[in-house]
Each structure stands twice: as structure tokens, then as C-alpha cells.
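# Summary of the model geometry
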Amino acid sequence: MLTDSDRGRHRLRRALGLLSPFFRRYGLRLTAGCLALITVDFIQLWIPRIIKSAVDSLQEGSASSESLLHHGGLILLLSIAVAALRFLWRYFILGFSRYLERDIRNSMVSHVITLDRTFFQKRPAGEIMALSSNDLASVQLACGMGLVAFTDAVVMTVAALAFMAYIHPGLTAIAMAPMPVLAVLTRFLAARLHHRFRRVQELFSHLTEFTRNCLASLRLIKAYTQERVQLERFDRLGRAYIRNNLKLAAIQGTLFPMSGFIGNMSLLLVLFFGGRLTIRETITAGDFVAFINYLFMLTWPMMALGWVANLFQRGVTSLERIRDLLEERPALRDPLHPVTLPVVRGQLRIRNLTFTYPGTREPALNEVSLEAGRGLLGIVGRTGSGKSTLCRLLARLYPIPDGTYYVDGIDVNRLSVDAVRRQIAYVPQNVILFSESIAQNIALGRPEASREEIESVARAAAIHEEIMAMEEGYDTRVGERGVRLSGGQRQRIALARALLTRRPILIIDDGLSAVDMETEYAIVHSLRSYLEGRTCIIVSHRVAPLSDADEIVILEAGRVAARGTHRRLLETNGFYAAIARHQAARRTADGA
Ligand SMILES: Nc1ncnc2c1ncn2[C@@H]1O[C@H](COP(=O)(O)OP(=O)(O)OP(=O)(O)O)[C@@H](O)[C@H]1O
């Protein structure tokens, strides 16, 4: 059975494994930086030797102005060398940590892009943003300043101890007596630090996600006058974040001063015992001064120990979180040996498809079978009957069992996910437009499309006239810093975007719900000629625009309740006939 410390070691190995390629990639830069750093340390360790020789010559009476100037000049030269080398290690090692940060961020973004809806249902965007900001910053700090402090502390400690032992081994042992206390303290507090820091990072993720949500739904919050409630929730989250940060600070606050205190205990011991050794002339006054200098040099590494332990703990915790993200795999994966899709005829077949969303128990679709070929297939049904789910599955956004969905007679699970998606232009219910020009938004799927092609699909989607009426026409920017579009305009731009891809299969999931009934009718009518030779599936709450459809499928509670042409359904299906009557009456009333 694995113990806690085995698990801890395993986690550490896994997390550090993520870094090893970067250490190899930037090995030269790192080696150069570490060499510069170690050289600085040795030069600094040499300076007390020069001071010792100056003090000894003063004590012996052999000192002259010239020799003192010589000692001073040497120290000055060494200081210049230290300054130059410090610049170099900063440039190389901190540069390494920035490259590392960039590379990990790039792998995170390119990995997240491959993940699918199942993942995003589980991990909110705020959490991913926190990982790429706060957590990545901790890793960068640990691999930059953490690495510097660690190397510095180790080299300084070993070398200073060697110089001290050279002066007087006994005195060195006395000076080091309080050190085990520091080691035990660091080990004890580091575990608590790790736990607390993880909690702080989690709370930061919640805070980021909450802020993102608030900003995205600001209008809704105002409309429901929920500002105060939201502010209170935000405040509660902020307080929890502060509370945990303060607990973290309390642990750090114990670690740092304790390191300093233990350093001062050593100084006290050296002053007393070293002073007595000097009086007895066992060591020279120069040795005593040099010894104290070395002890001061040890104070920083001792303090650094606590700080480095803290930085490394934070870095490892963050690295684990990042590693967890990078180990996420898309639920929808390509087969090992995908079949190549020949020229697509657009023949879709769903067979006995039952689908349950991850994390839910009730199936959203139950034993659904249908076929769609060139022409128009309409889908209607009450809200929640599974229409959008069916569209998402047809658009290949969720994994489904083998033998339930065929494109041109081939099971989609034998095709690569991209190969299927490339055949389908999908217009989802919620339109997403980027903060770019209208032309760029329409050309998302084919950035190389000419302006004529863009205008032509905009005409088919009945949005051209409205775009031309805007001040900058197709170059009008959309979004926060641009023009605000109505729901109907956004939907028609999304439709134009889908048409431009010229894909053989078009799926519109209630994508015209925000335009008025007449416009929807006109669009569906004009699409007929555009979709010649293509497969088109339209989900609509209105039946009139689907009156020309080759077939209409009625969904009810995730099952196919009826199917047929408009005319046949009017005669045979009570639900269909009722909504057709109701909508016709409204149309007449609106027209009156
Ligand atoms: N992402 C999801 N995770 C879990 N359950 C979902 C998800 N999306 C939809 N459902 C559930 O699946 C069922 C079918 O929903 P779906 O959105 O497909 O219906 P719909 O017919 O498109 O409804 P509407 O006309 O309101 O858009 C509903 O019970 C819904 O709660």
C-alpha cells in the first residue's frame, strides 16, 4: 500500500517530469547562468580572506599604506567582477524562467484547444485562466529566483563552511549547532505551506471564474437588480481568499523570522567562543573577523532556505495543477487507424442512438433513429425534447457509441473527428462573434474568402442590406468596442459564416429564433436554391418555414414521436397541427 510520503514523492516526480524537457532545451543558458552565479559566490568568499590578511598585517604591524591600498584595490576589482557576473546570471537564469513560462503557457493553450465540451463542463474558464496566470507565475518564480536562491544557498553554505572549518573546525561545529532546529522547522512548516497554498490557488480560481461570470452577465445582473447580492457573494469569496492568504502569511511569518533568529544564535555563540579563541591566540584577529564574515554570509542562505522551501512548495503545487490540466484527454478521440472519407454525399444516418450527458442520469436522447440526405430535414419539438442535443451529436461534439451514427454509410467512430467536422457547417443556438470586423466574423471558416463571396452569403442570410447601412459596412467592428448587434443580426451573421464554408452538410440549431417569422420564412426559402445538392437540417420552433422540408421529425422527451412531410403531419399529428394553427393565427394577427 502506498504511504502518504510515497504518494507525495510520486506527485513530485510527475510534476518535475514536466520541467525536464525545458531544462534540456535551455541547458546551455542555464549552465552559463549557474556558472556566473557560482563564480560570484566564490569571489565573495574570497573577500574575507583579503580582509583577514589586511587585519593580520595590521596586528603584526607589517601593514603599510601601499599594502592597505593594494588590499582595497583588490576588493574593488572583485566587486566590479561581481557586478558584471550578477548581471549575467540574472540575464541567463531569469531569462530561462521567462522562456519556460512562455513554453508552458503555449502548451497549455494548444492543449486546451484540443479538449472538448465534456472537459469545459467540468472545468470552468476562470479556473483555466487562474492556472495560466497565478499558477504559471509561481512556477516561473520557483524556476527563476527559486533556482538562483537554491544554488546560491547550497554553494555558499558548503564553501563558507569549508572556509570556516579551515579557520577552526571546533568553532565551526559550535556555530552550526542551532542548524538542525532550522531543518526540522522548515520540514514541518513546508508541509503546512503546501496545503495552504493549494487552498489559496483554488480560491483564486473561484474568484476569477466568479469575476468572469459577472462581467459576462452584467446586463442580466442589472436587469434583475442583483448588484448587491453579487457584490456580497464577491465579498464573501474575497474574504475567504484573504483569510487563507493570511494563514499562509502566518506560516511564512513563522518560517522567516525563525531562520533569522537561529542565525543570530550562531553569531552569539561565535562572538563568545571565537572571541575566547582569539584572546588565547588560538586563531588570529584576522581569522576571527573573517570567520564572522563567513557567518554573515551563511545568514542569507539560512534565510534563503525558508524562502526557497516556500517558493518550491508553491511551484510544485502549481506545477501539479498545470500537469493535471495537461493530462486531461479529450473524451472524443480519433480512432487508431481512421478510415478516409471519400467525396461526401451528405448522407447522414442515426441508428438507435441513446445519449446521456456526462454527470447526468436521464438520457437526453432515447433510441433515436433518423436519416438525412440531400435536401431539407426539419426538426421540431417542445423545449427540452432533445433537439439541440441531436444537433450537437450530429456535429460530432460528444462521443457516442459505435454503430449509432453513419456518414455516407461509414460509422463516425471509424473516421477522424476533424474529417467529420470538416463536412459540417453548424450554427449553434448561442452565437459567438469575435471582437473583429463583420467581414472577419463571417470569414471565420474561410479567412481567404473574397469580399464578393462574403457579400453573397450575407445576401443569402438576409443581412447584407443591414450591414451596408452601417457606417463602415463590412469593416464595422463587432463587440465591446464596436457596434452592438441585435440577436437576429447576430444569428444571420452566424448563418452567413456557415454558408461561406461551402460544406456539404448544414445544421442550424434554432439559429433563426431571434428573427421575425417572415424573415425566417424568407431565409429558409432563399436557402433552398443555395443548398442545392447539400444536406440541411434545421431545428425550428416555427413550423411555417419548414413547410417545404422533405421530412420533418418531431422529438418528444428525447424520442422520435412522429415524422413526415408538413402536410402529412398537419393531418396526423395533433401537436404539430396545434402549433401550426397557433402560429398561423399569430402571423395573421401580426399582419393585420
Ligand atoms: N450540457 C448539458 N449537460 C447536461 N444536460 C443537458 C445539457 N444540455 C442539455 N441537457 C439536457 O438534455 C435534455 C435535452 O436538452 P436540449 O437542449 O437538447 O433540448 P432542446 O429540445 O434543444 O430544448 P430547447 O428547445 O429549449 O433548446 C434536457 O433535459 C436538458 O436539460
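As shown above, the structure is provided for reference.
Presented here is an overview of the structure given in this document. (Residues numbered from 1 in each chain as written. Predicted model: local features only at pLDDT ≥ 70, side-chain atom pairs only at ≥ 80, totals over all residues. Heavy atoms only, no water.)

## Quick look at the site of the ligand
- Near the ligand there are 16 residues, and of these Thr383, Gly384, Lys387, Ser388 and Thr389 occur at the shortest range.
- At 3.1 Å, a backbone N or O of Ser385 approaches an oxygen atom of the ligand.
- Within the contact set of the ligand, an oxygen atom lies 3.5 Å away from a side-chain nitrogen or oxygen of His541.
- Out of a free accessible area of 630 Å², the ligand has 67% covered by protein chains.
- The greatest single-element share of the shell around the ligand, amounting to 4 residues, is contributed by helix α12 (residues 387-394). (Near = heavy atom within 4 Å. Polar contact = N/O pair within 3.5 Å; in protein donor to acceptor, adjacent residues only side chain to side chain. Areas by Shrake-Rupley, 256 points an atom, 1.4 Å probe, with all protein chains shown as cover. Helix = DSSP H or I, 4+ residues; strand = E, 2+ residues; numbered from the N terminus.)

## Details of the sheet that holds strand β7 (residues 505-509)
- Here we have 6 strands laid out as an open sheet, ordered β6-β7-β8-β3-β9-β10, and mixed in their pairing. Both outer strands of the open sheet, β6 (424-427) and β10 (559-564), are each paired with one neighbouring strand and no more. Taken pair by pair, the neighbouring strands of this sheet meet at an average axis angle of 15 degrees, ignoring direction.
- In terms of strand pairing, strand β9 (residues 551-556) meets β10 through 5 bridges, oriented antiparallel. (Pairing = 2+ DSSP bridges. Axes fitted to C-alpha atoms, helices over the stretch in contact; angles between N-to-C directions.)

## So, the packing of helix α15 (residues 451-460) against helix α17 (residues 487-500)
- It is the contact of α15 with α17, at a shortest axis distance of 8 Å, that shows an interaxial angle of 125 degrees. Between α15 and α17, the interaxial angle falls into the category oblique. For the pair α15 and α17, the sense of crossing is right-handed. Listed contacts from α17 to Glu453, Ile454, Val457, Ala458 and Ala460 of α15 are Ala496, Leu499 and Leu500.
- For the contact of α15 with α17, the per-class residue count stands at 7 nonpolar, no polar and 1 charged. (Parallel < 35°, antiparallel > 145°, perpendicular 65-115°, else oblique. Left-handed = near helix turned anticlockwise from the far one by under 90°. Contact = heavy atoms within 4.5 Å. Nonpolar A, V, L, I, M, F, W, Y, C, P; charged D, E, K, R; others polar.)

## Comments concerning the sheet that holds strand β4 (residues 405-407)
- The sheet built from 4 strands is open, its strands ordered β2-β1-β4-β5 with antiparallel pairing. Both edges of this open sheet fall to β2 (365-372) and β5 (410-411), since each of them pairs with a single strand only.

## Quick look at the pairing of β7
- Of all the 5 residues making up β7, 5 are buried; the element is thus mostly covered by neighbouring parts of the structure.
- Side chains of β7 alternate between two faces, with Ile505, Ile507 and Asp509 and Leu506 and Ile508 buried alike.
- Summarising the sheet, β6 and β7 pair through 4 bridges and their orientation is parallel. Bridge pairing in β7 links Val427 to Ile508.
- As defined by bridge partners, β7 adjoins strand β8 (residues 535-539) across 5 bridges and the pair is classed as parallel. (Buried < 20%, exposed > 50% of the residue type's maximum accessible area, 1.4 Å probe, protein only.)

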